[in-house]
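The lines below spell out each chain.
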Amino acid sequence: AANQVQFSLLSRQPLDSGLFDLCEELGVVPIGYSPLALGLLSGRYTGDPEEDKDKLPPGPRGYLFKQILPGVAPLLAELR
């Protein structure tokens with residue numbers, strides 16, 4: 001059996017909640033999806049709202065990215 005969960009540097013809930021430990025206990029293989037946090041960690045964005053405004057995806061994801069990017073700017077700088 002397998003369990004597919006969102007897991008990245010920005011989405012650590014499966015690890016922090018003990019889900020991965022439970023999966024191991026039950027013999028379930030956790031499969032992480034979106035390791036680049038829906039594109040936030042892809043290298044496309046700088047975390048600077050002015051620089052990134054033309055790169056944001058349309059719709060709700062773009063709005064979400066606009067809210068999140070300033071907070072992840074230090075991580076993006078470190079990854080570069």
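Residues numbered from 1 in each chain as written. Predicted model: local features only at pLDDT ≥ 70, side-chain atom pairs only at ≥ 80, totals over all residues. Heavy atoms only, no water.

**Observations concerning a nonpolar patch on the surface**
A surface patch of nonpolar side chains, about 260 Å² in accessible area, is lined by L9, L10 and L79. Among the secondary structure elements, L10 is positioned in the loop between strand 1 (2–6) and helix 1 (13–16). Residue L10 is classed as partly exposed on the basis of its relative accessible area, which comes to 32%. (Patch = residues over 30% accessible without salt bridge, like charges linked within 9 Å, V, L, I, M, F, W, Y side chains within 5 Å. Areas by Shrake-Rupley, 256 points an atom, 1.4 Å probe, with all protein chains shown as cover. Salt bridge = Lys/Arg side-chain N within 4 Å of Asp/Glu carboxyl O. Helix = DSSP H or I, 4+ residues; strand = E, 2+ residues; numbered from the N terminus. Buried < 20%, exposed > 50% of the residue type's maximum accessible area, 1.4 Å probe, protein only.)

**Structural notes on the packing of aromatic side chains**
Taken as a whole and judged by the stated rule, the model has two aromatic pairs. The interplanar angle of 65° and the centroid separation of 4.9 Å between the aromatic rings of F7 and F20 together place this pair among those described as edge-to-face. Linking F7 in the loop between strand 1 and helix 1 with F20 in helix 2 (residues 19–26), this pair joins segments that are 13 residues apart in sequence. A relative accessible area of 26% places F7 in the partly exposed class. Under the relative-accessibility criterion, F20 is labelled buried at 18%. (Phe/Tyr/Trp six-rings, centres within 6.5 Å; stacked < 30°, edge-to-face > 60°.)

**A word on the environment of G27**
Relative to the elements of secondary structure, G27 occurs in the loop between helix 2 and strand 2 (29–33). Taking the C-alpha atoms as reference points, G27 and A77, separated by 50 residues in sequence, lie 38 Å from one another.

**So, unusual backbone geometry**
Notably, S34 is not glycine yet its phi reads approximately 60°, a positive angle. Here S34 is to be found in the loop between strand 2 and helix 3 (49–52). Of note in this structure, A37 is not a glycine but carries a positive phi near 55°. By the secondary structure assignment, A37 is in the loop between strand 2 and helix 3. A residue is classified by how much of its surface remains accessible, and A37, at 6% relative accessible area, is buried.

**Here's the deal with the side chain of D52**
Within the secondary structure, D52 is located in helix 3. Among the polar contacts made by the side chain of D52, one reaches the main-chain amide nitrogen of G47 at a distance of 2.7 Å. In contact with D52, other than residues within four places in its own chain, are R44, Y45, T46, G47 and L69. (Polar contact = N/O pair within 3.5 Å; in protein donor to acceptor, adjacent residues only side chain to side chain. Contact = heavy atoms within 4.5 Å.)

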